[in-house]
Amino acid sequence: MLAETIICLGVNHKTAPVAVREKLAFSSDCTVPLTELKALPGCEECCLLSTCNRVEILLVAKEGVTGSEEAVRRFLFGASGITLEESRQYSYFHQGSAAITHVFRVAASLDSMVVGEPQILGQLKDAYRAATEHQATGAVLNKLLTKAFSVAKRIRTETNIGGSAVSISYAAVQLAKKIFGDLKDKKVLLVGAGEMAELAAEHLVAQGIGKVVVANRTLERAVKLAQTFHGAAVGLDELVPQLAEVDILISSTGATDLILRKEEVRPVMRQRYNRPLFLIDIAVPRDLDPELNDLDNVYLYDIDDLKQVVELNRAERQKEADKAERIVGEEAIKFLQWLEAMEVAPTITALRRKAEAIRDAELAKTMGTLTGLGDKERKGIEMMANAMVNKMLHDPMMFMKAPVPAEEKRAHLAVIRKVFGLDADGGDSAP
Amino acid sequence: MGELFQLTVLAYVAATITYLVYFSSQNKRVRGGARGLLLGAGVLHTGYIVARYLASGHTPIASNHEAVSFFAWSLTWGFLSFRWRYQVKNFGVFVSPLITLLMVIAALSSRHIVELPPALQSYWLPIHASIAILANGFMALAFCGGVMYLIQEWEIKRKHFGLFYSRLPSLEALDNLNQHCLAIGFPLLTLGIVTGSIWAKQAWGAYWQWDPKETWSLITWFVYAAIIHQRLTVGWRRRRAAIMAIVGFSAVLFTLWGVNFLLGGVHSYAG
């Protein structure tokens with residue numbers, strides 16, 4: 001069957017350690033490997049994807065040719081010094097519908113290290129472009145890969161797979177957005193200049209936060225960090241007055257005691273006209289009084305609370321991934337149906353060609369013996385032969401095109417091929 | 001006409017169910033369907049009100065059935081007009097059940113067409129009653145926004161991330177929604193009281209006669225005036241504004257029904 005000619009061999013972050021993957025990776029210029037792949041015996045179409053997390057080859061073998069897997073395996077592992085036996089434990093091999101599903105999953109970022117990250121789709125598109133530039137793809141791969149891109153797009157719009165990333169600082173930004181909506185005109189105060197605070201601030205800046213202020217025990221370090229964010233630096237003793245101005249506070253000092261208490265913040269809230277204040281405490285031991293959360297319009301999150309958000313994101317992602325898998329399954333079935341229709345078409349062509357060849361040969365023979373016919377008579381005989389062929393073929397054509405289940409369709413095709421002898425002579429040559 | 005009303009209620013029920021399905025699945029196509037259904041219900045509803053106007057010969061805001069149905073109608077179109085201006089995620093999920101609830105109440109009350117006493121046959125009836133009930137529609141929207149705010153705030157504050165956290169919009173957006181609804185609803189409420197007072201002068205010769213409905217409208221007006229005053233002066237926004245929107249809406253509901261059933265007076269619908 002045509003579907004079974006689609007094979008996929010590769011390694012990824014799950015099956016092979018980086019030491020193995022880096023031996024197999026191809027450079028960005030795919031001219032040489034694609035040319036070699038095309039030259040493999042039995043290779044009809046091919047495509048090559050090489051990223052830091054995966055190297056894989058997608059190939060459509062010529063129908064009836066066996067041993068493609070081994071040829072591809074030799075090609076992939078040949079230069080790495082890994083034996084074919086060893087290669088089996090590092091790689092995965094898919095054929096037919098499994099290969100189709102795999103391609104869809106890769107494109108939709110379901111097979112990625114960080115599920116839902118969007119880069120892989122771009123990488124796959126680049127790989128496809130390279131393959132088309134080298135005329136390595138044909139009808140099947142063109143259809144399969146463009147389908148994979150549209151499946152990825154569908155999953156991106158219908159599920160929230162790319163919606164929630166999994167890191168503490170991302171979770172903080174996500175919460176800030178749930179509280180403030182737009183971060184454009186908001187200010188963040190970093191207390192302590194730790195690495196985590198810096199990372200969270202970077203995220204906030206990327207999301208368009210209005211202004212960054214840094215407060216630190218040593219003013220020098222504060223000034224330095226403030227410069228990287230084009231912000232201002234203040235001393236630690238200005239902490240409470242600053243609270244009237246800022247909207248988000250990220251605290252990560254090494255202090256052993258609390259640096260901000262409920263009683264200090266309560267009067268500030270009145271001064272702020274109850275604009276909300278989002279306090280993030282990523283220090284261990286904690287910097288901020290846990291009771292601060294009891295104040296109206298104050299939202300206090302410590303590191304454990306943020307971890308909880310991360311967990312939530314992870315669970316949410318799993319749910320979305322399940323939805324995405326369902327879409328992949330659905331689309332794979334549609335693609336298989338297309339492949340099946342593809343197989344009816346060549347049979348119809350073959351049958352028609354055979355009949356037309358017979359017609360032409362018989363016409364030529366008859367016309368040779370009949371002398372003294374005018375143009376009008378010749379035309380009439382040709383038209384009659386043509387009409388007979390068309391009418392004879394009509395029923396078998398309908399038989400093949402009939403909408404029946406896949407297995408039955410294959411049986412129908414087999415009958416037609418046998419009855420009309422399409423396989424014996426390829427259906428191309430005249431008898 | 002009865003069939004038209006039933007069809008309208010059915011369309012609202014269908015829209016509500018679709019919104020709830022959307023809330024659980026978050027499938028954008030379902031949302032599109034829900035919006036379409038609600039719009040269709042709004043159109044049917046408009047048709048029903050017009051039909052009733054033609055049948056009775058006066059603006060159909062004279063019985064409990066008509067007033068509540070008009071209330072639901074103004075809520076629907078208030079919501080749809082908001083949708084057209086700016087988006088509040090999953091707002092429809094909260095508004096559509098309220099509309100349906102109102103329609104069920106309308107369906108349960110007598111649909112008998114009342115004959116208006118001569119004193120009430122005036123062009124002030126459509127002006128006063130429709131403005132007053134339109135105001136109610138926007139207060140109801142503020143109420144829905146307030147409920148959404150409190151749910152979302154509770155989840156963020158308690159760090160309990162349930163069904164709503166990811167589905168509801170940001171607190172900021174909900175607070176803005178509250179403000180927008182009051183900015184439209186409060187002037188309408190004021191105008192409703194003013195027009196009612198002018199009509200009272202025409203019908204009974206006095207601008208104000210401390211009819212229970214008048215008293216309660218005034219109380220409602222003071223509640224909302226206080227909300228707006230406090231927001232502008234001492235920063236009553238966010239959580240307190242959300243709570244106040246709910247308190248204000250209870251005053252609206254009491255003015256609409258409580259007064260009729262408990263206190264009587266010239267506004268109690270004929271019957």
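It should be noted that the structure appears before, not after, this text.
Keep in mind the model is a prediction, meaning the values are calculated, not measured. (Residues numbered from 1 in each chain as written. Chains lettered and ligands numbered in written order. Predicted model: local features only at pLDDT ≥ 70, side-chain atom pairs only at ≥ 80, totals over all residues. Heavy atoms only, no water.)

**Student:** How should I be thinking about the overall build of chain A in this particular structure?
**Tutor:** Each helix and strand in chain A was counted, giving 15 helices and 10 strands. By the burial criterion, 47% of the 431 residues in chain A qualify as buried. Long-range pairs, those at least 24 residues apart, make up 70% of the contacts in chain A between residues at least 6 apart in sequence. With an accessible surface of roughly 21300 Å², chain A has 55% of that area assigned to carbon and sulfur atoms. (Helix = DSSP H or I, 4+ residues; strand = E, 2+ residues; numbered from the N terminus. Buried < 20%, exposed > 50% of the residue type's maximum accessible area, 1.4 Å probe, protein only. Contact = heavy atoms within 4.5 Å. Areas by Shrake-Rupley, 256 points an atom, 1.4 Å probe, with all protein chains shown as cover.)

**Student:** Where do I start with the interface of chain A and chain B in this structure?
**Tutor:** In many analyses, interface size is given as the accessible surface area lost on bringing the parts together. Taken together, the contacts link 26 residues of chain A with 27 residues of chain B. Both sides together, the interface formed by chain A and chain B hides about 2200 Å², and carbon and sulfur atoms give 43% of it. Ranking the residues of chain A by area buried against chain B places A:Lys178, A:Tyr273 and A:Tyr299 at the top, with a combined share of 28%. Here chain A is connected to chain B by four salt bridges. For B:Lys159, the salt bridge identified is with A:Asp305, shortest N-O distance 3.1 Å. Counting across the interface, chain A meets chain B through 17 residue pairs in polar contact (both at pLDDT 80 or more). (Buried area = accessible area lost by both parts, 1.4 Å probe. Salt bridge = Lys/Arg side-chain N within 4 Å of Asp/Glu carboxyl O. Polar contact = N/O pair within 3.5 Å; in protein donor to acceptor, adjacent residues only side chain to side chain.)

**Student:** Looking at this structure, I do not really get the nonpolar core. What am I missing?
**Tutor:** What tends to happen in soluble globular proteins is that the nonpolar side chains get buried as a cluster. In terms of nonpolar packing, the biggest core is built from 110 residues, with A:Leu190, A:Ile248, A:Ile250 and A:Phe278 touching the most fellow members. Among the elements that take part in this core, helix α5 (residues 124–158) of chain B stands out by supplying 15 residues, more than any other. Beyond its immediate stretch of four places on either side in the chain, A:Ile250 contacts A:Val188, A:Leu189, A:Leu190, A:Val191, A:Ala197, A:Ala200, A:Ala201, A:Leu204, A:Ile280 and A:Ile282. Among the nonpolar cores identified, the runner-up in size contains 65 residues, and A:Ala16, A:Leu40, A:Ile82 and A:Ala127 belong to it. (Core = buried A, V, L, I, M, F, W, Y, C linked by side-chain atoms within 4.5 Å.)

**Student:** I tried to follow unusual backbone geometry on my own but got confused; where do I start?
**Tutor:** A negative phi holds for most residues other than glycine; trans holds for most peptide bonds. Residue and element names in this part refer to chain B. Its identity as a non-glycine residue notwithstanding, Asn 90 has a phi of 60 degrees, on the positive side. Note that Asn 90 resides in the loop between α3 (64–85) and α4 (91–108). The class for Asn 90 is buried, based on a relative accessible area of 5%.

**Student:** Teacher, can you tell me more about the layout of surface pockets here?
**Tutor:** Empty space among the atoms can be located by rolling a probe the size of a water molecule over them. In this structure, the largest pocket encloses a volume near 1000 Å³. Around the largest pocket, the lining is made up of 42 residues, and of these A:Asn160, B:Gln26, B:Lys89, B:Ser166 and B:Arg167 lie nearest the centre. Within the residue set of the lining of the largest pocket, elements represented by two or more residues are α7 (139–158), α8 (168–180) and α13 (303–369) of chain A together with α1 (2–25), α2 (28–56), α3 and α4 of chain B. Take the lining of the largest pocket: its biggest share by element is six residues, from α13(A). Residues belonging to the lining of the largest pocket are distributed by class as follows: 12 nonpolar, 16 polar and 14 charged. (1 Å grid on protein atoms, 1.4 Å probe; cavity = no way out; pocket = protein on both sides within 12 Å on 5 of 7 lines; lining within 4 Å. Points joined across faces, edges and corners; volume = space filled by probe spheres on them. Nonpolar A, V, L, I, M, F, W, Y, C, P; charged D, E, K, R; others polar.)

**Student:** Any chance you could explain the sheet that holds strand β2 (residues 43–50) of chain A here in plain terms?
**Tutor:** The pairing of strands in a sheet comes from backbone hydrogen bonds and takes either a parallel or an antiparallel form. Residue and element names in this part refer to chain A. One open sheet accounts for four strands, arranged β2-β3-β1-β4; its pairing is antiparallel. A single partner strand is all that each edge strand has here, and the edge strands are β2 and β4 (92–95). Within this sheet the neighbouring strands show an average axis-to-axis angle of 15 degrees, counted without direction. One ladder, built from seven bridges, connects β2 with strand β3 (residues 54–61); its direction is antiparallel. Within β3, the position partnered with Cys 46 by the bridge is Leu 59. The sheet strands contacting helix α2 (residues 31–39) are β2 and β3, and the helix crosses β2 at an angle near 150 degrees. (Pairing = 2+ DSSP bridges. Axes fitted to C-alpha atoms, helices over the stretch in contact; angles between N-to-C directions.)

**Student:** Even after reading the chapter, I still don't get the packing of α4(B) against α5(B), so can you show me in this structure?
**Tutor:** Angle between the axes and distance between the axes: these two values describe a pair of packed helices. Residue and element names in this part refer to chain B. Interaxial distance between α4 and α5 falls to 10 Å at its minimum, and their mutual angle equals 130 degrees. Classed by the angle they form, the pair α4 and α5 counts as oblique. Handedness of the crossing formed by α4 with α5: right-handed. The residues of α5 that touch α4, namely those facing Phe 91, Phe 94, Val 95 and Leu 98, are Ala 140, Leu 141, Phe 143, Cys 144, Gly 145, Val 147, Met 148 and Ile 151. Split into classes, the residues belonging to the contact of α4 with α5 amount to 11 nonpolar, one polar and no charged. (Parallel < 35°, antiparallel > 145°, perpendicular 65-115°, else oblique. Left-handed = near helix turned anticlockwise from the far one by under 90°.)

**Student:** Sorry, what's going on with empty space enclosed by the protein here?
**Tutor:** Residue and element names in this part refer to chain A. If you walk through the whole model with that rule in mind, you get six cavities of 30 Å³ or more. Roughly 80 Å³ of internal volume is contained in the largest cavity. Lining the largest cavity are Cys 47, Leu 48, Leu 49, Glu 56, Ile 57, Leu 58, Val 103, Val 106, Leu 124 and Leu 145. Mapped by element, the contributors of at least two residues to the lining of the largest cavity are β2, β3 and α5 (97–107). Considered class by class, the residues forming the lining of the largest cavity number nine nonpolar, no polar and one charged.

**Student:** Sorry, what's going on with α7(A) here?
**Tutor:** Because each turn of an α-helix spans 3.6 residues, side chains separated by three or four positions end up pointing in the same direction. Under the 1.5 Å per step criterion, the end-to-end length of α7(A) is 28 Å for 20 residues, consistent within 8% with the ideal 28 Å. Among the residues of α7(A), A:Val140, A:Leu141, A:Leu144, A:Leu145, A:Ala148, A:Phe149, A:Val151, A:Ala152, A:Arg154 and A:Ile155 are the ones counted as buried. (Expected span 1.5 Å × (residues − 1).)

**Student:** When you look at the packing of aromatic side chains in this model, what are you seeing that I'm missing?
**Tutor:** Aromatic ring pairs are defined here through the distance separating the ring centres and the angle between the ring planes. Overall, the coordinates contain 19 aromatic pairs over all chains when judged by the stated rule. When the ring of B:Phe23 is compared with that of B:Phe164, the centres are 5.5 Å apart and the planes differ by 40 degrees; the resulting orientation is tilted. With a gap of 141 residues between them, B:Phe23 in helix α1 and B:Phe164 in the loop between α5 and α6 (171–204) connect regions that are remote in the sequence. According to the relative accessible area criterion, B:Phe23 is buried, its value standing at 8%. Three or more aromatic residues link up through ring pairs in this structure, and these residues are A:Phe278, A:Tyr301, B:Phe161 and B:Tyr165. The positively charged end of A:Lys125 is found above the aromatic ring belonging to A:Phe149, 5.6 Å away from the centroid. Directly above the ring of A:Tyr301 sits B:Lys159, whose terminal nitrogen or CZ lies 4.9 Å from the centroid. (Phe/Tyr/Trp six-rings, centres within 6.5 Å; stacked < 30°, edge-to-face > 60°. Lys NZ or Arg CZ within 6 Å of the ring centre and 35° of its normal.)

**Student:** Is there a simple way to think about the pattern of salt bridges in this case?
**Tutor:** When their charged atoms lie close together, side chains carrying opposite charge are able to pair. Tallying each qualifying case throughout the model produces 31 salt bridges over all chains. Note that A:Asp111 and A:Arg105 form a salt bridge whose closest N and O atoms lie 3.6 Å from each other. In this structure A:Asp111 comes out as buried when scored by relative accessible area, which is 4%. The closest approach of N and O atoms between A:Glu158 and B:Arg29, which form a salt bridge, is 2.7 Å. Note that A:Glu158 is positioned in helix α7 and B:Arg29 in helix α2, a pairing that runs across two chains. Overall, B:Arg29 belongs to the exposed group, its relative accessible area being 62%.

**Student:** Even after reading the chapter, I still don't get the sheet that holds strand β9 (residues 277–281) of chain A, so can you show me in this structure?
**Tutor:** Residue and element names in this part refer to chain A. The strand order β7-β6-β5-β8-β9-β10 describes an open sheet built from six strands, whose pairing is parallel. Every interior strand has two partners, whereas the edge strands, β7 (232–235) and β10 (298–302), have only one. Averaged over neighbouring strand pairs, the angle between their axes works out to 20 degrees when direction is ignored. Here four bridges tie strand β6 (residues 211–216) to β7, and the two strands are oriented parallel to one another. Within the sheet, the bridge partner assigned to Ala 215 lies in β7 and is Val 234.

**Student:** What should I look at first to understand the environment of A:His203 in this one?
**Tutor:** Residue and element names in this part refer to chain A. Here His 203 lies in helix α9 (residues 195–206). Judged by its relative accessible area of 26%, His 203 falls in the partly exposed class. In contact with His 203, other than residues within four places in its own chain, are Ser 169, Tyr 170 and Val 173.

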